[in-house]
Each structure stands twice: as structure tokens, then as C-alpha cells.
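A look at the structure
Here's the letter readout for the chains.
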Amino acid sequence: MTINNRLFLFFLLKLVMLATLAPHMAHGQSKTTYEERELGFDAFDESQPDVTGLWFHIEQGQRTLANDEYGRLRYQYPSWQPSKPVQNALDRLNNLSRAKQGAGQKGASQQGSQPASSEKELVSNEPSSVSNAPKSPLAIFAEKIPQARRQISNTEFNKLVALAEKENQPNFYLLMGWAAIDRGQLNLARTQFDSALVLNPNEVQRRSAQQGLETITTFIVNRAIQQRDIEQLARLLASGKSNKDGAANASLITSLIEGSAWRKYNEDAYNEAYELFVLSQNADGQYLSLSAQQKHARARQLACSIDTERFLRRCADGLAQQQLYFYEDGDYKNSIETAQQLGDIRALTLDELTLLGWAAAKYGDGETATLAFEKVLKQNPEDDVIAGELVRLNSDNRLKLNQLASAFPVVNTRRQAQVNSSAWPRKQFLLSYINADTRTTTAQTKDAFSVVSGITTRSRSGQSGLGNFDVLTSYIGIGDIYKGWQWRVFLDYKQFYSGAAQSGAWLGDDLLGDGVRSAVSNNITGFEDKGLRADIAYQDVGFNFYANVEYGMFDQPVNADITGQISATWFLPKLTLATTLFRYPKEDSMLSQTGSFNARNEDAWGYVLEDGIRGLAAYELAPRWSVAGTLQISTLHGETVDSNSALSVRGDVSYDIATDVSDMLDYWRIGPFASYSGYDHNRFGFTYGNGGYFSPNYFVSLGVYSELLTLEALNWQLKLSNAIALSRLEQTADSRFPLIASPDINSDASPLVALPYSETTGLSGNFLAEAQYRIGNDWIVAGYMSKAFAVEYQAFEAGIQFRWRGGEGSGVTSDELLLSSPRLRGFAL
């Protein structure tokens, strides 16, 4: 074998030896068989190994080197299956070597054995003739074992390098390049391999030189990886891309970094793995490393930045998890936005839609919540909880709620149940009836034509004659319901009586019985007439409306006027708000309610109208505890009556003791109250300019009250209320003739031109009983009785009513107690 052939054989063998002796060096073509657990990753395919070196050893008859190379390939490529030709050739080589070994042992027993040289095995295909020519120093160097080559001095090695440069042959450059690698002189090795490539070597020599350069790169890259020198690795990548063989060199460096990254990942060194994956631009590795470190936000951000099917799937999974995290943290706004981003990638699942709906509902975005819950119901039309939330969200949007109820039967059922459960304690029995609540429909028919007739009486005691006031009213009315609106029309017949003014009383501009003027009063003492009134009422979810209008009496001394009120009530979760605009006659006396006149002047005066606004707020502090407050502001005016203004305020605290007393009670509220009312002017007199109504400067009461109601829907019902208080009032000494600048009164009687001043403290109170009873399917009888007393004031009221309504019924409800009428109660409650 020539020197060139020996050198050629050497560098090929050296290449294989370096690969087997340096397992820590990553192969330039290696891949890691990583399987992405639970995330749907396919395993990475392994590339097939290069078997050129294995074939070379087989063809050269180098059994040991061939077996080492075969073992290395099997170790490095676990899934590799050798082809039949490779396997057969390797088997033949091993069988032939055993046969030669057996023959050699036999000859040795006859002639004496001679050890087979390993160098002989390396060149087993050499010709039998041996040249007598002296060997070149490079050939001698090639025949040395690796340890011997490493042990020569730098001077000798440099001489050999110089000799190789002098010979200027590819094989010599390759020999010294591989030797320099073995000695750790990587820069020198690089110059030798570069020199070999310049000489346009054959294919095998070129591949050897390139493999040498790759081996150098491998050493440098692996050392930087071991030192975690990320900056150097980045420079190596950049330089690899910039040189003439940049693509191949950069690919090798990337492969080495990536292979090391997967090893770090498998060793659970996720942070180091992530750094290397970033360098190699391996997005899969980056995502998995971040996920393994629980850095879900960064992993999701990475996944959402890559527009591939796999990463869009990962992005969606990350957004779904983030949607849940935000919701659990109470960050509903970000949970909604995350769900919407997820919806841009793929359709939301049932659970994700449900979570979006609840987040939007809690954030107050009813429109988004409704859209999400609609989609949930389309997939799960029997979800009663979602249906209930849709009803709640759209309780103020009748159109949308009707659409939902039409589309989803469960929504309609839930709407009716929710409306009835809230309407019943609010006494919205008309709303409950329209929504087919069985308790209300069983108790009584409400949407049938009805006829009512009754009589009421009211008696107020005060100053003899003018101050006493009795009213007797009889009435008949009809009513029905049209599209949820309850209407009623009444014809009233009233009788008023106050009695004649007594001697010494002031009337008009007269002081009766003073010996100068007439001692006889010819003023009106009684009056009767007819009147018309009508009202309408409507109840909706969380809302009541009521309005009435009245005209009467037709033939009273002063011209009649149209009066009435408009009232609305809002029911919030724990708060009830109500307001009323009203205009009503002041009912204290004949003068205030109908007007009057006397014989000296036929011009009537009086008939005081009160215009104002009234408000109520009631709040549930806790179960069975509530507070309430009312406020009324009004102005008063009448025919030849000076105007006035009034303010009244009341506050209550109540506790419901019904459950502690009897299961036959609907409620029994007890508690303290305080009230105040006051007028700008005292107008209780009966002279021109006064209205004959109770108008103290202030009237303050502090006391306790009690009110109970028996159960609804029985065939009878009773309501009792009473109050007792300590009261104090002051009536100022106001003008007796407020509209006359200089009244015609004797100067020595000047005290007579002013109403007397009074100030009184005492007990006040009232007692009220209401009841109703169902006689049969069509008939109900109801009645009430009330007695009230205050400082300088007493009043008695009573009434009875018979009601006929077609249809069946077995009970009564408290909205039809006589004094529960919004007209008398003052609010649409």
C-alpha cells in the first residue's frame, strides 16, 4: 500500500475513532425522539445514519472497526434497522475473521505463533510485497497509535505540519488536521482542512475535510453549551450564516444547540433548555419549556404569535385556561376579552360559553351575557339555571325577554316562576294572575267583569258648627282588565254636613252675635251632590303604575275642578321606591272641600286644592328588618283663599315578628316612628282668605306602631294597625284676614284681627281594622273601621263594600282590601 493510500485510510479511521471516543459530541445530523405528552405532539422522526464509514471498514476487512462503527450507529440511532446487504456483509466479515483466527492458531501450534499487528489489520488488503524504500516521516507518524502521536513534542509536530505544507497534498493536510484535533489544536486543524479543500480533493477527501471542520465546530459549540455561554453561541450562529458555507455550518450549529436543548429538557433543566431553543429558533421547544415552568402567559403569547394549525390550537388552549384564571380571580373584564379572543380562533365550547356568560353577567355587560347564554341554551335547552339568569338579565327589556321566552320554553317557565316568586311578597297579585301563578288563580278570578257597591262615612270633630265635618258617600262602580291594564269607573253620591256657625264664631268678614252685626248665620250647613271618578292600574316585573281622575261635586258653591294623581313604584332587590304627583281637595272641613258662603255676601269662597309630590323609600336592612321614609311637599290654594305651602316627613323602623307568633300571619311589623309636618301659614279660620283646614306651624310625633296581616289566598283576611305617640303642635297667631290690608275692625278690638296662638302637647294615636270575606265564587264583602285622635283633633271612619266578579275563586288577596287602594294609600303599592 502506498503512502497516500495509508494516509487516506488513516484519516477515515481517525474520523470513525473520534466519533466513537467522543460520545459527548453531538452528531451533526442527530435528532431527539421527544414525545410531547398530553399535548398532541407527534414524535420527531429520526434521520437515517450515514453508513459510508461502516461499508469502508467492511470492504477493508477491518472487523473490529466495523463492529465498533456498527455499535455506535445502533446506539446513536436506536430506531435504525440495518438493511439486509449491510447485515449480511457484516456477518460474512465476522465469520471470515473467526475462520482466519482459527487457522492462525493451528499454524502457531506447529511453527510458533507470531502476534498479529493491529496496524496490519488496518491494511489487511495490502499486497504481499513490501517496498524497501525508506518511509516518509508523515507515514511513520500515521502509523503511530493516538497516544504516541499526542506525546510528540510541539517542535516535531510543527515540523510535520511544515512538511505537509511542503508536500501540498490533500491527504497530508487531512492527516495533520485530524492529528491537530486529537492534540486539541483546533485553529491549526481548521487551517489544514481549509488547505485540503483548496486543492480540489476527490469526493472522499472533501468529505473528510468537511467532517473535520464540522468536528471542530462541534467541539466549540459543545464547550459553549457546557459553559452556558449564550452570547458565544449567538456569535457562532451569526458567523456560521455569514461564511461561504453558511447554510450547512449554521444548520450544524443549530442542530447541535437543538439536540443539547432537548437533552436539557429531558433532564428537567427547562430554563437552560428554553435559552437554547430560543437560539435554535425551535418554537416547539420554547413553548414546552415555558409550559413546564408554569409560565403559561408567555407560552400562550408565543403560541398566539405563530400562525400554524398546531400553535393556533395551543393558543386556543392557553386562552381557554387564561379565561378561567381571570374569572376565578374576579377579573371579569379580562376574562370576557380573553374569551372573545378565543372566539376569533375557534368556536367556544359549551363550558367556555357558559363561563363567558357568567363573567359578563357579573361585570354588568348584559348584552354579552345574553348572547353567550343564548348559545348555551341552544346546545343545552333544559338548563334551568341559565334560563333564570337570562330572565334576570332582561327583566327590564320586555321585547328581548319575550323573544327569549318564545325561543326557549325553559326561559318562559323560569320567567313566570321568577315573576311570581317576587310578585307575591310585593302584593302584585294582578301580575301573578297574568303569569298564571296557581296561588293567585286559585284564590280568585281577576280578569272578569266586576261590579262593586259600597258606602263610607267620615266624621271629624272640631269647632262647633264650622269645625265639625261629616261626609257620607255611597258609590257604585264597574271594572275589568284589558291587556293587563285594570280599569274601574265609579259614580259617587256624597252628603256633606258641618252644621251652622255658632254665635261668637267668625264667618266670612263677620263676628257672629257681637251685637253690632248680624247674630244669625245664613251660611251653607250641608251639601250633597254627585261625582265621577275612574282609575287604571298596571303591574310589571319590578314596576307598578297607577293613575286616577275625579270630577265632583258638580253643583258645589265654587266651581268644581278636575283632581287626581299619578303614581309609580319601583321594586329593586332590597329597595322599594315610590313617587306620586297629586292634586286633591283638602278634606278637613266643609269650607276646604266644597266652599261656602253667607247671607251678607253671596260670593262663595273656599274649596282648597292641594298640589304636591310625595315620595317613599323602603329598604330591607336584614331578614325581617326594614326602614322606611316618606316625604311630601305641597302647595295649597283656593277661591278667595290665600296660598300656603306644607312639608311633611316620616321615618319608620320595623321588625317582622309573624314567624314567632303564628303561621296564620303574613306579616306583623312593629317598630318606632317619628313624624313632622308643618305649614308656612296658619289657615284654619273661616274668614275670607282662610281655608278652614288644620295647618299648624309644626306638628311633631314620636311613637310606636304595629301592623299585622293574616295569610293571603284564604277565604277571609284581616288587617289590623295601630299607633300611639307623644305629639306636640304649635299654631301661630296668623292673620284672620290675610287678603285684606286694613280690615274694618274697631281699633280697640285689634287682637280680633289675628287667629289665636296655641301650643299643646299630648298623646295621639289611631286604630284601624280591615277585613274581607268570600261569600261564594262570585261575591266578596269587605269593610273597615278607623278611629284616630290627636291634639285638638278626632276622627272616625268606616266603610263596607260588596263586590261581584264572574268566575271561580276560593280566597281573597290583600290588594283588594278597601284601604289598600292606591288612591287612598297614596302610592301605587
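Residues numbered from 1 in each chain as written. Predicted model: local features only at pLDDT ≥ 70, side-chain atom pairs only at ≥ 80, totals over all residues. Heavy atoms only, no water.

Notes on the overall build of the protein chain
The cut-off we apply is this: Each helix is a run of DSSP H or I of at least 4 residues and each strand a run of E of at least 2, with the numbering of both proceeding from the N terminus. Only protein chains enter the area calculation, which uses a 1.4 Å probe; residues under 20% of their type maximum are buried, those over 50% are exposed, and those in between are partly exposed. We call two residues in contact when some of their heavy atoms are within 4.5 Å. Calculation of accessible area relied on Shrake-Rupley with a 1.4 Å probe; when residues are assessed, cover is drawn exclusively from the protein chains displayed.
The number of helices and strands found in the protein chain is 28 helices and 19 strands. When each of the 829 residues of the protein chain is scored for burial, the buried share is 46%. Considering only residue pairs separated by 6 or more positions, the protein chain has 60% of its internal contacts joining residues 24 or more positions apart. Accessible surface, the protein chain: about 41,300 Å² in total, of which carbon and sulfur atoms supply 53%.

A short note on the state of the cysteines
Rules: Our working definition of a disulfide is a cysteine sulfur pair at a distance within 2.5 Å.
Inspection of the entire model under this criterion finds one disulfide. At a sulfur-sulfur separation of 1.8 Å, the disulfide partner of C304 is C315. Disulfide C304-C315: the torsion about the S-S bond is 90°, which places it as right-handed. Residue C304 is found in helix α16 (residues 296-304), and its partner C315 is found in helix α17 (residues 309-328); the two are separated by 11 residues along the sequence. A residue is classified by how much of its surface remains accessible, and C304, at 35% relative accessible area, is partly exposed.

Things to note about helix α14 (residues 270-280)
When we look at burial in α14, the residues that qualify are A273, Y274, L276, F277, L279 and S280. A positive phi of about 60° marks Q281, the residue just after α14.

A closer look at the packing of aromatic side chains
Inclusion rule: Stacked, edge-to-face and tilted are the three classes for Phe, Tyr and Trp ring pairs, Trp counted by its six-membered ring, which pair at centre distances within 6.5 Å; planes under 30 degrees apart are stacked, over 60 edge-to-face, the rest tilted. Only lysine NZ and arginine CZ atoms are considered, and such an atom sits over a ring when it is within 6 Å of the ring centre and within 35 degrees of the ring normal.
According to the stated counting rule, one finds 22 aromatic pairs in the structure shown. Their ring planes at 65° and their centres at 5.2 Å tell us that Y265 and Y270 sit as a pair that is edge-to-face. Taken together, the aromatic side chains of W262, Y265, Y270 and F277 make up a single cluster linked through ring pairs. Lying across the ring of F311, R314 places its NZ or CZ 4.7 Å from the centre.

Considering the environment of Q62
With respect to the helices and strands, Q62 occurs in the loop between α2 (52-59) and α3 (63-76). Residue class for Q62 comes out buried when judged on its relative accessible area of 1%. Taking C-alpha positions, Q62 is 8.2 Å from L93, a pair spaced 31 residues apart along the chain.

Here's the deal with a nonpolar patch on the surface
Using the following cut-off: Surface patches are drawn from residues lacking salt bridges whose relative accessible area is over 30%; two like charges belong together within 9 Å, two nonpolar side chains (Val, Leu, Ile, Met, Phe, Trp, Tyr) within 5 Å. Any Lys or Arg side-chain nitrogen found within 4 Å of a carboxyl oxygen on Asp or Glu counts as a salt bridge.
Taken together, the side chains of I455, L472, M664, W716, Y773, I775, W779, I800 and F802 define a hydrophobic patch exposed on the protein surface, amounting to about 820 Å² of accessible area. A relative accessible area of 55% places I775 in the exposed class.

Some details on the pairing of strand β2 (residues 469-482)
The two faces of a sheet get side chains in turn, since along a regular strand they alternate between them. Stated formally: Should DSSP find at least two bridges between two strands, the strands are taken to pair.
Of the two faces of β2, the one holding F469, V471, T473, Y475, G477, G479 and I481 is buried and the one holding D470, L472, S474, I476, I478, D480 and Y482 is not buried anywhere. Sheet topology places strand β1 (residues 450-461) next to β2; 11 bridges connect them, and they run antiparallel. Counted as the bridge partner of V451 is I478 from β2. What sits between the antiparallel neighbours β2 and strand β3 (residues 485-497) is a turn of two residues, in which K483 has the positive phi angle 50°.

Describing the confidence of the model for the protein chain
For clarity, the threshold we go by: Here pLDDT means the predictor's own confidence in every residue, given as a number from 0 to 100.
Confidence along the protein chain averages 82 in pLDDT terms, with 84% of residues attaining 70 or more. Note on residues 97-131: pLDDT is under 50 here. Beyond four places in sequence and across chains, it has 22 contacts. Confidence drops under a pLDDT of 50 for residues 515-519, and excluding neighbours within four residues, the segment shows seven contacts in the predicted structure.

What to know about the packing of α17 against helix α19 (residues 350-363)
Helix-helix packing: each pair is described by the crossing angle between the helix axes and the interaxial distance. Filter applied, for reference: Each axis is a line fitted through C-alpha atoms, and for a helix only the stretch in contact is used; angles between axes span 0 to 180 degrees, taken between their N-to-C directions. Crossings are sorted by hand: turned counterclockwise from the far helix by less than a right angle, the near helix makes the crossing left-handed, and turned clockwise it makes it right-handed. The classification used treats Ala, Val, Leu, Ile, Met, Phe, Trp, Tyr, Cys and Pro as nonpolar, Asp, Glu, Lys and Arg as charged, and all other residues, Gly among them, as polar.
Interhelical geometry of α17 versus α19 gives an angle of 35° and a closest axis separation of 11 Å. Here the hand of the crossing between α17 and α19 comes out left-handed. Within the contact between the two elements, α17 uses A320, Q323, L324 and Y327 and α19 uses E352, L355, L356, W358, A359 and K362. Of the residues assigned to the contact of α17 with α19, the class counts are seven nonpolar, one polar and two charged.

Brief notes about the packing of α14 against helix α15 (residues 283-292)
Test applied: Should an angle fall under 35 degrees it is called roughly parallel, over 145 degrees roughly antiparallel, and 65 to 115 degrees roughly perpendicular, with every other angle called oblique.
Orientation of α14 relative to α15, taken along the N-to-C sense of each, is 160°, at an axis distance of 9 Å. Comparing their axes, α15 and α14 come out roughly antiparallel. Between α14 and α15 the crossing geometry is left-handed. On α15, the residues touching Y270, A273, Y274, F277 and V278 of α14 are G285, Q286, S289, L290 and A292.

A few points about the side chain of Q556
Selection criterion: Nitrogen and oxygen atoms within 3.5 Å of one another constitute a polar contact, given that in protein one can donate a hydrogen and the other can accept it, and given that sequence-neighbouring residues count only through two side-chain atoms.
Topologically, Q556 is positioned in the loop between β7 (543-552) and β8 (562-571). Using a relative accessible area of 7% as the deciding quantity, one classes Q556 as buried. Only 3.1 Å separates the side chain of Q556 from the backbone nitrogen of M553, close enough to count as a polar contact. Q556 has contacts with F527, D529, Q593, T594 and Y607, leaving out every residue within four places of it along the chain.

Describing the pattern of salt bridges
By the definition in use, this model includes 29 salt bridges. With its nearest N and O atoms 2.9 Å apart, the salt bridge here joins E337 to K333. Of the two residues, E337 and K333 both sit in helix α18 (residues 332-345), four residues apart, roughly one turn of that helix. The partly exposed category is assigned to E337, whose relative accessible area is 31%. Ionic pairing is found between D734 and R683, a salt bridge with its closest N-O pair at 3.5 Å. Here the residue D734 occupies a position in the loop between β16 (716-731) and β17 (758-774), and R683 occupies one in the loop between β14 (665-679) and β15 (698-710), the gap between them amounting to 51 residues. Each of the two residues, D734 as well as R683, counts as buried. A single salt-bridge network, built from bridges that share partners, covers K446, R803, R805, D815 and E816.

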